[in-house]
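Chains, contacts and geometry: an overview
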Amino acid sequence: MKHLKHLFGITFCLLITATSYGCDLKAKEPRNTDLTTKSVTEKPSKQYVKIALLLDTSNSMDGLINQAKAQLWDIVNEFTHAKCGNDSRPLLKISLYEYGNDNLSAREGYIRQVLGFSSDLDEISEKLFSLTTNGGEEFCGQVIQTSLKQLDWGKNADDLKMIFIAGNEPFTQGKLNYRDAATNAKENDVIVNTIFCGNYEQGISTMWKSGATLTGGEYMAIDHNKQIVHINTPYDDIIIKLNSKLNNTYISYGALGRQKKAMQSMQDSNAAEMEAAVAVKRSVSKSSRLYNNSKWDLVDAVEDEEVVLSELDVEDLPEELQGKSESEINTYIKEKKEERQAVQKQIQELNAKREAYIAQNQKEETGELENALLSAIKTQAAKKNYKWD
């Protein structure tokens, strides 16, 4: 059996966020951060990595869901190293489906779209933590077909489009033949990768390998109930304290801002409740380019030209900025941006030391599944001219 840790640490590896830093197909022009005028320059085209995670949430899958929650940040942190062929960074979008749960509609095939394609890391985390398990019918072909039909996969031939489906029942269940779904995926340039939660040979005999190879994807088997051992390091507490400083650099605006600021805090708590190491990994993710919140944070919004300050209502501003002049607000935003960059740099530097410490103190061999996944994913990504630092 193999580590689910690296499964999601690498599935999501190509994997959220959630950022708006895409692979620009032409050079960026210098940005005008003056909020009094709107930019008239068209934003360049982007390349996307789009990943749909289809998770079995029947009774036997508690271990799968728990490990997915714990390993989200490993995935994000791995993905920060991905590059397009022109050495710029791709924009990541993740979607989440659950299937095989009695609480879901029988008419819909016990399938639910939990989240459409999103680059919001906090939202992805929130949706993962909302999942619960219950016995049900597990229709792999139908959930693949549903994700192909419902999601906006786009028409760009340079985009990398992948499905990762995880479960432990025969791949052949349900009225919709998995071969038809796989054919549809291949026609739409979507690669299906299958993750059988159980014995490797059993997964082959129940057609999980066939479901992957039909689209040029990879088949993997894992022990979804295996307890992942995290290595604590001397840098963990410092990184967690820096995360609190990082949160203080966010300037929420509008009703969405207040809601998202609360979500940010809640997902910090969810990570910490799992284990301190998970909270550390989330903090590292938040210090990366993938953690972008331009829809609710003024620092990111100014950077991405999402808002014009003069058009915001006073009540949309946080209390500390109400009554300030536009010049004073711009100065405040600039100061928060500089503070954030300094904290993010500290976290990244400490994480480099943390990773070196872990490498020196890793007692068991954990690289087998990780190496297999990285090799498989990078082989698929190479066809789209992606590479890693």
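Residues numbered from 1 in each chain as written. Predicted model: local features only at pLDDT ≥ 70, side-chain atom pairs only at ≥ 80, totals over all residues. Heavy atoms only, no water.

Time to look at unusual backbone geometry. Phi at Y110 takes a positive value of approximately 55°, unusual for a residue other than glycine. Relative to the elements of secondary structure, Y110 occurs in the loop between β3 (91-99) and β4 (111-118). A residue is classified by how much of its surface remains accessible, and Y110, at 18% relative accessible area, is buried. (Helix = DSSP H or I, 4+ residues; strand = E, 2+ residues; numbered from the N terminus. Buried < 20%, exposed > 50% of the residue type's maximum accessible area, 1.4 Å probe, protein only.)

With that settled, consider the nonpolar core. Ranked by internal contacts, the top residues of the largest apolar core, which has 52 residues, are L55, L96 and F164. The element best represented in this core is helix α2 (residues 62-79), accounting for 8 residues. Counting residues in each nonpolar core, the second largest holds 25 residues, with F117, C140, Y178 and A185 among its members. (Core = buried A, V, L, I, M, F, W, Y, C linked by side-chain atoms within 4.5 Å.)

When you line up the elements, N351 lands in helix α12 (residues 326-361). Separated by 112 residues in the primary sequence, N351 and I239 place their C-alpha atoms 7.9 Å from one another. The contact partners of N351, leaving out residues within four places of it in the chain, are I239 and V284. (Contact = heavy atoms within 4.5 Å.)

Below, the discussion takes up the sheet that holds β4. Taken in spatial order, the 6 strands make up an open sheet running β4-β3-β1-β5-β6-β7, and their pairing is mixed. Whereas interior strands pair on both sides, the edge strands pair on one side only; in this sheet they are β4 and β7 (219-222). Across the sheet, the mean angle separating the axes of adjacent strands is 15° when strand polarity is ignored. Summarising the sheet, strand β5 (residues 160-167) and strand β6 (residues 190-197) pair through 7 bridges and their orientation is parallel. (Pairing = 2+ DSSP bridges. Axes fitted to C-alpha atoms, helices over the stretch in contact; angles between N-to-C directions.)

This part takes up the pattern of salt bridges. Across all of its chains, the model carries 16 salt bridges by this definition. A salt bridge links D236 to R354, with the shortest nitrogen-to-oxygen separation between them at 3.8 Å. Highlighted residues: D236 in helix α8 (residues 236-247) and R354 in helix α12, separated in sequence by 118 residues. One exposure class covers both D236 and R354, and it is buried. Across the pair D268 and R282 runs a salt bridge, and its minimum N-O distance is 2.5 Å. Separated by 14 residues along the polypeptide, D268 in helix α9 (residues 254-274) and R282 in helix α10 (residues 276-286) bring together distant segments of the chain. For the pair shown, D268 and R282 are each scored as buried. (Salt bridge = Lys/Arg side-chain N within 4 Å of Asp/Glu carboxyl O.)

No statement about biological role is implied by the geometric values presented.
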